[in-house]
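Structural characterization, general
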Amino acid sequence: MAETKSTCCYCGVGCGVVIEHEAGRITGVRGDPDHPANFGRLCTKGSTLHLSAAPDTLIARALYPALRTDRNAGRERVSWDTALDTAAERFAAIIAEHGPDAVAVYGAGQLLTEDYYVFNKLVKGLIGTNNLDTNSRLCMSSAVAGYKLSLGADAPPCSYEDIAHSHALFITGSNTAFAHPIAFRRIEDARKARPGMKLVVVDPRRTDTAEAADLHLPLLPGTDIALYNAMLHVMLWEGWVNRDYIEAHTEGFDAVKKAVREYTPAMAATLCGLEKKAIEQAAEIFATAPATMSMYCQGLNQYSFGTHNNSALINLHLATGQIGRPGAGPFSLTGQPNAMGGREVGGLANLLSAHRDMANPEHRAEVAALWGVDDVPAQPGKSAVEMFNGLRSGEIKAIWIACTNPAQSMPDQALIHEALAKAEFVVVQEAFGHTETCAYADLLLPATTWGEKDGTVTNSERAISRVRAAVSAPGEARHDWAIVVDFARRLGIHMGKADLAARMFPYTTPESIWNEHRESTRSRDLDITGLSYSLLENAGPQQWPFPEGADAGKVRLYEDGVFPTPSGKARFVLTEHRITAESPSARYPLHLNTGRLRDQWHGMSRTGLVARLYSHEPEPMLHMHKDDMERRGLASGDLVQVKSKRGDVVLKVLESATLRPGQTFVPMHWGGNTMGGQGVNVLLPSAFDPYSKQPELKHAAVQVEKYKAG
Ligand code: SF4
């Protein structure tokens, strides 16, 4: 038996794994004891990775390129040459007739950094549009915008080791016990080691994470800003703010101080549906603990005011000086294994390589010089919701979707299905051929996946970790980066830019791509010029920044109190309470909250293949309070129809003590393929945050009725 070290391909904890394999077959997986994210531990998802690996799950894999020339007929197997030549011809013709903005690429936080880099270079460099977005838009873009707005850069300041240094943890909008289980194990360890450590959890539901808390604040969905502003009000009233820190290291405090005057605990208690005393207690713990760290995820990000949710929370850290010290600071928990790596290479419609600013002509010129092109476009491309709206309206004619399933994961699904059906040409580059999006592919390109591919990922704590192949690809599947490079060269020929494309895409290995990415970071905040594949090979994962000449990466940012803003000071951001995109009404009287289960991940393309992972929750159920069920004459197990303004789904109902009356919950993992045609996202609105463009996937107003067949 052979062993290969790699990284788990699920959540942003980024645990190290040891893949056990024999005769080209993955036989087992265990935690890597040397990996700093997990020290040998794995959760239920990570420890069953081998059960979703080929050849046992070959039936679910895309194995050969397949092309459909007639929308009413099925796809037929073709050679890679035919597949990529056809794609290049179609893309080049559309670009020639309608311009570069008529095509788009939609990727994923599961792509490796090297994959992301070549996709970004293809779209923004060779094609000349910024229409490249990814499912990270649905996940962390509000955290990105929040960091940039408040602290000046998209850089999580903390590390997992800060959990052990912390005296108070403020977990908000995250069921860490389910969604980031190994980070939660570290929290449990830290609390055992430091019995006085406080855990405050803010969540509308009494989740497993909330169950473990010293103080749980079950706020009404979408009222976070009112809560944090009221906490700041209390801190000011009680004299718990750190005036020296505010004076030396921040700006904009006076305006925020004035604004939070009206957010009295009594007023916020009404808005948030909380006890006034609980708000005061939370403020006291946050402000007076020797070191407070907040940990947060989709419950903050997935709102149409997600950026201000983040900034209102960061205001608390700045006001109390709870940042830049061991155990103190805001720490976003990345949902995907490499959303961070994607952001590093500029893999979103409004980003450029190495955290450069698209609106800055000098930054664009630096990227253009590195890539050997005249310029990169200044106008941001279309973000996820805008991209599919563009496809539906005909503004975008062709889309290339890689490693993600928007037909399930985007909000207001009926519109997404309509957009994909209307598109002139849809390419889907996927390892798994059974997703709902694959059904719309005119061209399906089989890609390699975990256990088969090489490269790097960056986890929530800025640690870059190697991903390694243990076995070869099944069928004719190819690596994502190799597909892009081959396509780019062929597209160059059809665009009359063959020489340029050959110069831009000379890569023969992921390492050669990564080395170019590394060079692009020189002197930037995420400088990794001191790293190499061999260093990662020999010394294990490393955190950025790690500039040339450094001995180690930075565990913690802003320890010197200097922030990457023009003034060097962090910014207080004025944030006001806003209401959700839709409020409960007479027709749709209940709040719907969506979230994650312990044993499933995203749209289940991989975890859904593992029988063992269904033992925790075998099917999607609507969780509901008993009062709301009694009012409707429902018992657990009854089929109910859940309706919003946009559509409806039929599910079993489950009585749940984790919810307050008036609120419901559905796990987001199951889609139309597994729910008889409609996934839960058919219910959700596509309203999005004006700064981050992240849609409000966390909340809808719904009605629930007993299902009557026919
Ligand atoms: Fe994988 Fe996340 Fe579980 Fe770690 S915590 S094993 S990264 S799913």
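What counts and how
Residues numbered from 1 in each chain as written. Predicted model: local features only at pLDDT ≥ 70, side-chain atom pairs only at ≥ 80, totals over all residues. Heavy atoms only, no water. Helix = DSSP H or I, 4+ residues; strand = E, 2+ residues; numbered from the N terminus. Rg over C-alpha atoms; globule rule 2.2 N^0.38 Å. Buried < 20%, exposed > 50% of the residue type's maximum accessible area, 1.4 Å probe, protein only. Areas by Shrake-Rupley, 256 points an atom, 1.4 Å probe, with all protein chains shown as cover. Lys, Arg positive; Asp, Glu negative; His and termini not counted. Charge placed at Lys NZ, Arg CZ, Asp CG, Glu CD. Near = heavy atom within 4 Å. Nonpolar A, V, L, I, M, F, W, Y, C, P; charged D, E, K, R; others polar. Arc of directions from axis to C-beta. Contact = heavy atoms within 4.5 Å. Polar contact = N/O pair within 3.5 Å; in protein donor to acceptor, adjacent residues only side chain to side chain. Pairing = 2+ DSSP bridges. Domains from an automatic or database assignment. Buried area = accessible area lost by both parts, 1.4 Å probe. Salt bridge = Lys/Arg side-chain N within 4 Å of Asp/Glu carboxyl O. Core = buried A, V, L, I, M, F, W, Y, C linked by side-chain atoms within 4.5 Å. Axes fitted to C-alpha atoms, helices over the stretch in contact; angles between N-to-C directions.

Side note on the overall build of the protein
A count of helices and strands for the protein gives 24 helices and 28 strands. Relative to a compact globule of 710 residues, whose C-alpha radius of gyration would be 27 Å, the protein shows 24 Å and is just as compact. With the C-alpha coordinates of the protein rotated into their principal frame, the extents come out at 70 × 70 × 55 Å. When the 710 residues of the protein are sorted by exposure, 64% land in the buried category. Summing over all exposed atoms, the protein offers an accessible surface of approximately 24,000 Å²; the carbon and sulfur share of this is 50%. Counting 71 positive and 80 negative side-chain charges, the protein places the averaged centre of each group 3 Å from the other.

What about the site of the ligand?
As a structural note, the neighbourhood of the ligand is formed by C8, Y10, C11, G14, C15, L42, C43, K45, G46, P181 and I182. Its residues assigned to classes, the shell around the ligand comprises eight nonpolar, two polar and one charged.

With respect to helix α16 (residues 361-371)
Side chains of residues three or four places apart in an α-helix project in the same direction, reflecting 3.6 residues per turn. Among the residues of α16, those classed as buried are H363, R364, V367, A368 and W371. Down the axis of α16, the buried side of the element spans an arc of 135°, and every buried residue falls inside it. Set apart from the buried face of α16 by more than 90 degrees, the exposed residues are P361, E362 and A369. Buried residues along α16 sit against α2 (113-127), β14 (351-352), β15 (356-357), α21 (498-504) and α22 (510-520). Structurally, the start of α16 carries an N-cap: the backbone nitrogen of E362 is 2.8 Å from a side-chain oxygen of N360.

A look at helix α11 (residues 265-272)
Along α11, the positions that sit buried rather than exposed are P265, A268, A269 and C272. Taken down its axis, α11 places every buried residue within 105° of arc, on the same side. Where α11 is buried, its residues touch α8 (224-238) and α12 (276-288). Immediately downstream of α11, the backbone of G273 shows phi near 70°, a positive value.

Here's the deal with the side chain of T529
Along the chain, T529 turns up in the loop between α22 and α23 (533-539). Given a relative accessible area of 9%, T529 falls into the buried group. Excluding anything up to four places from it in sequence, T529 contacts R518, T521, R522, F546, P547 and E548.

What about the pairing of strand β28 (residues 699-706)?
Burial within β28 is extensive, with six of its eight residues counted as buried. Two elements, strand β23 (residues 590-595) and β28, share four bridges in a ladder whose sense is antiparallel. Counted as the bridge partner of H591 is A701 from β28. With four bridges connecting them, strand β25 (residues 639-643) and β28 associate as antiparallel partners. Bridge pairing links K643 to Q703 in β28.

As for the domain arrangement of the protein
Interface extent is often summarised as the accessible area lost during association of the parts. Entries for the protein in the domain assignment read domain 1 (2-60), domain 2 (66-130 + 337-399 + 463-543), domain 3 (141-332) and domain 4 (590-706). Between domain 1 and domain 3, the C-alpha centre-to-centre distance is 33 Å. Taken residue by residue, the interface counts 12 residues in domain 1 and 10 residues in domain 3. When domain 1 packs against domain 3, close to 830 Å² is buried across both sides, 60% of that on carbon and sulfur atoms. Viewed at the interface, domain 3 and domain 1 are joined by one salt bridge. Its salt-bridge partner being D189, residue R41 comes within 2.9 Å of it at the nearest N-O pair. Here domain 1 and domain 3 share six residue pairs in polar contact (both at pLDDT 80 or more) between them. Its residues placed into classes, the side of domain 1 that touches domain 3 shows eight nonpolar, two polar and two charged.

Considerations on unusual backbone geometry
Looking along the chain, the bond that leaves A54 and enters P55 is cis, with omega of 10°. For P55, the location among the structural elements is in the loop between β3 (25-31) and β4 (66-67). One non-glycine residue with positive phi stands out, namely S523, at about 65°. Locating S523 in the fold gives a position in the loop between α22 and α23. The backbone of Y558 shows a phi angle near 65°, a positive value even though the residue is not glycine.

Examining the nonpolar core
Counting residues in each nonpolar core, the largest one holds 67 residues, and the members touching the most others are L227 and M231. The element best represented in this core is α8, accounting for 10 residues. When residues are assigned to domains, this core turns out to be shared by domain 2 (66-130 + 337-399 + 463-543) and domain 3 (141-332), each giving three or more. Aside from chain neighbours lying at most four places away, what touches L227 is V202, L217, L219, C272, L274 and I279.

Some thoughts on the sheet that holds strand β19 (residues 455-458)
Overall, antiparallel pairing links the three strands, which are arranged β19-β20-β21 in an open sheet. Taken across any chain shown, the strands that pair with only one partner, and hence form the sheet edges, are β19 and β21 (542-543). Judged from the four bridges that link them, β19 and strand β20 (residues 463-467) form a sheet pairing that is antiparallel. Following the sheet pairing, V457 is matched in β20 by S465.

Comments concerning the pattern of salt bridges
Counting across every chain of the model gives 42 salt bridges. Residue E476 pairs with R77 through a salt bridge whose shortest N-O separation is 3.1 Å. Of this pair, E476 sits in the loop between β20 and α20 (480-494) while R77 sits in strand β5 (residues 76-77), and the two are 399 residues apart along the sequence. Between D599 and R598 there is a salt bridge, with the nearest N and O atoms lying 2.8 Å from each other. The partly exposed category is assigned to R598, whose relative accessible area is 30%. Counted as one network, the salt bridges with shared partners bring together D81, D85, R478, D486 and R490.

Concerning the sheet that holds strand β8 (residues 168-172)
Pairing within the open sheet is parallel, and its five strands lie in the order β10-β9-β8-β12-β13. Looking at which strands have only one partner, the edges of the open sheet turn out to be β10 (215-217) and β13 (329-332). Neighbour-to-neighbour, the strand axes of this sheet turn through a mean angle of 15°, independent of strand direction. As defined by bridge partners, β8 adjoins strand β9 (residues 198-202) across five bridges and the pair is classed as parallel. Paired with A168 across the bridge in β9 is K198. The sheet strands contacting helix α3 (residues 141-151) are β12 (292-296) and β13, and the helix crosses β13 at an angle near 155°.

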